[in-house]
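Here is what each chain is made of, one letter per residue.
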Amino acid sequence: MVARRITGGLNAAHRAWLRHPRWSLATRGAIAAGIAWYVGLIAPAPLSEYPYYAPLGAVIATTSTLVRSVRDSAQVTLAVLVGAGIARAADAFLAPGAPAVAVVVGAALLISGWRFFGEMGNWVATSAIFVLILGNADALEYVGSFAGLVAAGAAIGIGVNLALPPLPLTPTEDALDRLSNVLADQAEDLADEVGEAETLSVDEWNRRRQTMDRVLEQGRRSARRTREAERANPRVRRHREWTRRQQVRVKELETVAASLDQAISLLMDTGDPVDLGDPLRRSFADVLRALVKLLRAHAWDPDRQELADRFDEVARSFTGQARQEGPQNDAELVAGALAVALQRAADAFRR
């Protein structure tokens, strides 16, 4: 009994750890910063006089994926050196004061836009200000210590990432779940309004489409972070199937989002709402409700394939009904286009 409780507690703690990646990030950052501080203290002079710069590099390296931490470390080290060079050049020609600060900051901000710096460009201005204000006593000593300790801290952060590589699978899963639920809500509302022949509000649906686009972009960003975190990450071997399913799911939901957006455009963006007629309306609503059941199913649900087959079946039925008499009026043309959009979504789940 006691062993079962301990095991259950450990499993619960592990699930909580996976669901809150900020805890892992904080742990890696704290370990790397502590080690970097100690290394700064025991480093030879003059580095040991500025140990507080080493944790800066450690934090920069541990707040990103394994591959990105290497790139960020190189970018921030170069940014520090470039900023220091700007400050020393200004100090050689300008007297200390507001004009020198203005020139240094202006030049640093211009150069920080260089594409190589990426997201680390703000360190050019930060380094320039530090060196200009604090490095007057012994410029070369300060610049070397600043850049050297940041680089050393970044190297320590990279080492911690190698030992505890981040793999944000759970946040990506949560983002995809949110996207799936938003798409299900949109499809369900559309089915209710079409099925009951209600008047569609263009403004309201445009607002909902904006929400759908925003959540879709969040899901894409999370998936991109996961793909980046997979590179050179030994943890991927243990979660290969999970990562594969997430990438497949991203493609499925992107296709559904595009299909729903096209359906809403076809029904609403023609000036006046399109009346499909009772048979086509009911059939279209049935397809949407089958899609809703599929979207609300858990990604690992063993019955999910049956729901996908059902969605494909009703989509094909709607397609046959839309093509039965051929395009004779606007409603039937719209129905044919809707059938193509829905069948594309069904094909995505079948693949």
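Refer to the structure above for everything that follows.
Residues numbered from 1 in each chain as written. Predicted model: local features only at pLDDT ≥ 70, side-chain atom pairs only at ≥ 80, totals over all residues. Heavy atoms only, no water.

K.L.:
I tried to follow the packing of helix α5 (residues 98-111) against helix α6 (residues 122-134) on my own but got confused; where do I start?
P.N.:
The packing of two helices is summarised by the inter-axis angle and the distance between the axes. Viewed as axis vectors pointing N to C, α5 and α6 meet at an angle of 155°, and their least axial separation amounts to 8 Å. Overall, the two elements α5 and α6 adopt an arrangement that is roughly antiparallel. Considering how the two elements wind past one another, α5 and α6 form a crossing that is right-handed. For the pair α5 and α6, contact is made by Ala100, Val101, Val104, Val105, Ala108 and Leu109 and by Val124, Ala125, Ala128, Ile129 and Leu132, respectively. A per-class count over the contact of α5 with α6 returns eleven nonpolar, no polar and no charged. (Axes fitted to C-alpha atoms, helices over the stretch in contact; angles between N-to-C directions. Helix = DSSP H or I, 4+ residues; strand = E, 2+ residues; numbered from the N terminus. Parallel < 35°, antiparallel > 145°, perpendicular 65-115°, else oblique. Left-handed = near helix turned anticlockwise from the far one by under 90°. Contact = heavy atoms within 4.5 Å. Nonpolar A, V, L, I, M, F, W, Y, C, P; charged D, E, K, R; others polar.)

K.L.:
What am I meant to see in the packing of aromatic side chains here?
P.N.:
For any two aromatic rings, the description comes down to two numbers: the centre-to-centre distance and the angle of the planes. Applying the stated criterion across every chain yields a total of nine aromatic pairs. When the ring of Trp114 is compared with that of Phe117, the centres are 5.3 Å apart and the planes differ by 90°; the resulting orientation is edge-to-face. Judged by relative accessible area, which is 0%, Phe117 ranks as buried. Between the aromatic rings of Phe116 and Phe117, the centroid separation amounts to 6.3 Å while the plane-to-plane angle is 70°, which identifies the pairing as edge-to-face. The partly exposed category is assigned to Phe116, whose relative accessible area is 39%. Ring-pair connections join several aromatic residues into one group, and the members of that group are Tyr50, Tyr52, Tyr53, Phe130 and Phe146. (Phe/Tyr/Trp six-rings, centres within 6.5 Å; stacked < 30°, edge-to-face > 60°. Buried < 20%, exposed > 50% of the residue type's maximum accessible area, 1.4 Å probe, protein only.)

K.L.:
Any chance you could explain the environment of Ala107 here in plain terms?
P.N.:
In this fold, Ala107 is placed in helix α5. Among the residues examined, Ala107 registers a relative accessible area of 25% and is labelled partly exposed. Linking Ala107 and Val124, residues 17 residues apart in sequence, is a C-alpha distance of 9.4 Å.

K.L.:
Help me understand the pattern of salt bridges, please; the structure alone is not making it clear to me.
P.N.:
Oppositely charged side chains can form a pair if their charged atoms are brought close together. In this structure the tally under the stated criterion is six salt bridges. Of the charged contacts in the structure, one is a salt bridge between Asp192 and Arg289, with a shortest N-O distance of 3.5 Å. Taken together, the positions of Asp192 in helix α8 (residues 169-195) and Arg289 in helix α11 (residues 278-296) put the pair 97 residues apart, joining distant regions of the chain. On the basis of relative accessibility, which here comes to 30%, the residue Asp192 falls in the partly exposed class. For Asp312, the salt bridge is made with Arg316, and the minimal N-O distance between the two is 3.0 Å. Pair noted here: Asp312 and Arg316 are both in helix α12 (residues 304-323), with a separation of four residues, about one helical turn. (Salt bridge = Lys/Arg side-chain N within 4 Å of Asp/Glu carboxyl O.)

K.L.:
So what exactly am I meant to see when it comes to the packing of α11 against α12 here?
P.N.:
In the contact formed by α11 and α12, the axes pass within 9 Å of each other and the chain directions differ by 165°. In this view, α11 runs roughly antiparallel relative to α12, as classed from their interaxial angle. The way α11 lies across α12 gives a crossing that is left-handed. Of the residues in α12, those in contact with Pro279, Leu280, Ser283, Phe284, Asp286, Val287, Ala290, Leu291, Lys293 and Leu294 of α11 are Arg304, Leu307, Ala308, Phe311, Val314, Ala315, Phe318, Gln321 and Ala322. Split into classes, the residues belonging to the contact of α11 with α12 amount to 14 nonpolar, two polar and three charged.

K.L.:
Is there a simple way to think about the environment of Glu173 in this case?
P.N.:
Tracing the sequence through the fold places Glu173 in helix α8. Along the sequence, Glu173 and Arg249 sit 76 residues apart, while their C-alpha atoms lie 9.6 Å from each other.

K.L.:
Explain a nonpolar patch on the surface here, please?
P.N.:
A surface patch of nonpolar side chains, amounting to about 840 Å² of accessible area, comprises Ile31, Ile35, Trp37, Tyr38, Val39, Leu41, Ile42, Tyr52 and Leu164. Position of Leu164 relative to the elements: it lies in the loop between α7 (139-163) and α8. (Patch = residues over 30% accessible without salt bridge, like charges linked within 9 Å, V, L, I, M, F, W, Y side chains within 5 Å. Areas by Shrake-Rupley, 256 points an atom, 1.4 Å probe, with all protein chains shown as cover.)

K.L.:
Is there a simple way to think about α12 in this case?
P.N.:
Spacing of three or four residues puts side chains on the same side of an α-helix, whose turn is 3.6 residues. With 20 residues, α12 ought to run about 28 Å at 1.5 Å a step, and its terminal C-alpha atoms sit 29 Å apart, in line with that. Inspection of α12 places Arg304, Ala308, Phe311, Asp312, Val314, Ala315, Phe318, Thr319 and Ala322 among the buried residues, and these make up the whole buried set. (Expected span 1.5 Å × (residues − 1).)

Interpretation note: all reported values are geometric properties and have no functional meaning in isolation.
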